[in-house]
Every structure is written in C-alpha cells, then in structure tokens.
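Examining the three-dimensional arrangement
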Amino acid sequence: MKKNIAVYPGSFDPITYGHLDILKRGLELFDKIIVAVAYNVDKRALFTVKERMELIRESIKGNSHVEVDSFEGLLVDYVKKVNARFVIRGLRAMSDFENEFQMASMNRNLNKDMDTIFMMTSKDYFFISSRTIKEVASFNGCVSGLVPEIVDKKLKEKFAKK
Ligand code: PNS
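In short, a report on the structure.

Quick notes on the rules
Residues numbered from 1 in each chain as written. Predicted model: local features only at pLDDT ≥ 70, side-chain atom pairs only at ≥ 80, totals over all residues. Heavy atoms only, no water. Buried < 20%, exposed > 50% of the residue type's maximum accessible area, 1.4 Å probe, protein only. Helix = DSSP H or I, 4+ residues; strand = E, 2+ residues; numbered from the N terminus. Core = buried A, V, L, I, M, F, W, Y, C linked by side-chain atoms within 4.5 Å. Contact = heavy atoms within 4.5 Å. Phe/Tyr/Trp six-rings, centres within 6.5 Å; stacked < 30°, edge-to-face > 60°. Near = heavy atom within 4 Å. Polar contact = N/O pair within 3.5 Å; in protein donor to acceptor, adjacent residues only side chain to side chain. Areas by Shrake-Rupley, 256 points an atom, 1.4 Å probe, with all protein chains shown as cover. 1 Å grid on protein atoms, 1.4 Å probe; cavity = no way out; pocket = protein on both sides within 12 Å on 5 of 7 lines; lining within 4 Å. Sits in = over half its atoms within 2 Å of the grid points. Nonpolar A, V, L, I, M, F, W, Y, C, P; charged D, E, K, R; others polar.

Thoughts on helix H1 (residues 17–26)
Since there are 3.6 residues in each turn of an α-helix, residues three or four apart along the chain are aligned in direction. Of all ten residues in H1, seven are buried, a share of seventy percent or more. Buried residues of H1: Gly18, His19, Leu20, Asp21, Ile22, Leu23 and Gly26, and no others.

So, in structure tokens, the structure goes:
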C-alpha cells in the first residue's frame with residue numbers, strides 16, 4: 001500500500017511546542033512525516049543542524065511515524081528525493097501568511113505536483129516562535145511550557161556559555 005508521506009520543513013532553531021503541535025495534528029492526516037531541518041543560508045542559527053536534529057529526536061520520543069532529516073538547497077528537490085507530495089507548514093497569524101503564500105506559490109511553480117498544507121497553530125501556541133524563544137532565553141527569561149524540557153535545558157547551556 002502506498003504510504004502517505006509529508007515533509008515538515010523548517011529551521012527548527014530550536015523546536016518549540018508550536019512545532020510539535022503541528023506535527024501531532026499532521027500525523028492525523030499522514031502516515032509518516034519527515035521533519036526536515038534546512039541548512040538556511042539566510043539565517044544565523046543558535047544551534048547547529050546536528051544539534052537541532054538531536055533536539056527534535058529527543059522531543060518526538062521515538063514516534064515511529066516521524067523521521068528526522070536535514071536538507072540543503074531547494075525544498076522541492078528534497079520533497080521529490082523522498083518521494084513525498086505534500087509539505088506541511090504552520091500558520092500563526094496574518095503576518096505569516098504573505099511569506100508563506102509566496103513560498104508555497106514559488107514551490108508550486110517549481111513543481112506543480114507538490115502541494116503545501118497549512119495548519120493553524122493552536123491558540124495556546126500562536127505567539128511562540130523560535131526567534132522569540134531565543135530572545136527571552138538569552139535574557140534568562142522563562143520559556144518552560146513553551147518548549148520541551150530538553151530544549152529549555154540546552155538553551156540555558158548555550159546562553160550560559162555566551
Ligand atoms: O522555519 P522557517 O525558517 O520559516 O523555514 C523556512 C524554510 C526552511 C521552509 C524555507 O526557507 C525553505 O524552504 N528553504 C529551502 C530553500 C527553498 O526551497 N527556497 C524556495 C522557497 S521560496
């Protein structure tokens with residue numbers, strides 16, 4: 001039987017409960033989801049891709065329907081390589097929409113067989129982003145309840161070293 005695979009791409013620097021919420025709900029739609037960490041040339045990352053993948057692995061607690069991977073270059077090429085057709089993205093607010101709409105349209109222009117599925121972030125997490133999490137953690141603010149415990153711990157370690 002053909003498996004229904006989706007790719008959930010992102011920077012995940014680091015993974016938050018917002019991402020995990022999208023992942024959990026995405027698993028109700030797909031047999032398998034590949035969480036794909038992008039080597040994003042535009043963004044200065046706090047965690048290396050390897051560290052981000054490790055944090056995702058620890059956060060999904062051995063869920064056999066989730067695979068963790070990384071990719072370089074175009075998302076459409078990666079999606080083709082893993083034989084997927086769908087990409088999942090979370091949408092928090094109108095401000096996310098414009099960029100997401102542009103990316104999804106560009107991706108569709110590059111590969112008309114690929115579709116982006118948008119899921120609305122749950123109300124408990126709509127204000128979370130990896131960027132704000134890092135900012136709060138960098139000033140020693142509390143982010144527990146917004147990220148998995150292991151992420152909270154690693155953030156503290158990173159900022160203690162800086
Ligand atoms: O978590 P992010 O930073 O919002 O994720 C953005 C990401 C990684 C999904 C996006 O930048 C991406 O797909 N990068 C790969 C390069 C690519 O395919 N760009 C074309 C889309 S316009």
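After that view of the structure, there is still more to cover.
Some remarks on the nonpolar core
Counting residues in hydrophobic clusters, the biggest one holds 33 residues, and the most contacted among them are Leu23, Ile56, Ile88 and Leu155. A total of five residues in this core trace back to one element, the largest contributor, which is helix H2 (residues 49–60). Discounting chain neighbours no more than four positions away, the residues touching Ile88 are Ala6, Val7, Tyr8, Pro9, Ile22, Gly26, Phe30, Ile33, Ile117 and Met119. Listed in part, the 14 residues of the second largest apolar core include Ile5, Val7, Ile34 and Ala36.

As for the packing of aromatic side chains
Given two aromatic rings, their pairing is described by the distance between the two centres and the angle made by the two planes. This model, assessed by the stated rule, comprises six aromatic pairs. The interplanar angle of 85° and the centroid separation of 5.2 Å between the aromatic rings of Tyr8 and Phe12 together place this pair among those described as edge-to-face. Per residue, the accessibility class of Tyr8 equals that of Phe12, and both read buried. Ring geometry for Phe30 against Phe86: centres 5.6 Å apart, planes inclined by 45°, an arrangement best described as tilted. Of the two residues, Phe30 is situated in the loop between H1 and strand E2 (32–38) and Phe86 in strand E4 (residues 86–91); the sequence distance between them amounts to 56 residues. On the accessibility criterion, Phe86 (17% relative accessible area) is buried.

Considerations on unusual backbone geometry
A cis geometry characterises the amide bond from Asp13 onward to Pro14, with omega recorded as 5°. As for its position among the elements, Pro14 is in the loop between strand E1 (5–10) and H1. Phi at Asn83 is positive, roughly 60°, even though this residue is not glycine. Inspection of the secondary structure assignment puts Asn83 in the loop between helix H3 (75–81) and E4. The class of Asn83 is exposed, set by a relative accessible area of 65%.

Description of the site of the ligand
Among the 13 residues in the neighbourhood of the ligand, the closest are listed as Ser11, Lys43, Leu74, Leu75 and Arg89. A distance of 2.8 Å separates an oxygen atom of the ligand from a polar backbone atom of Leu75. At a separation of 2.9 Å, an oxygen atom of the ligand approaches a polar side-chain atom of Arg89. Burial of the ligand by the surrounding chains reaches 75%, relative to a free accessible area of 550 Å². Placement of the ligand is best described as lying within the largest pocket. Among the residues forming the shell around the ligand, the class breakdown is six nonpolar, five polar and two charged.

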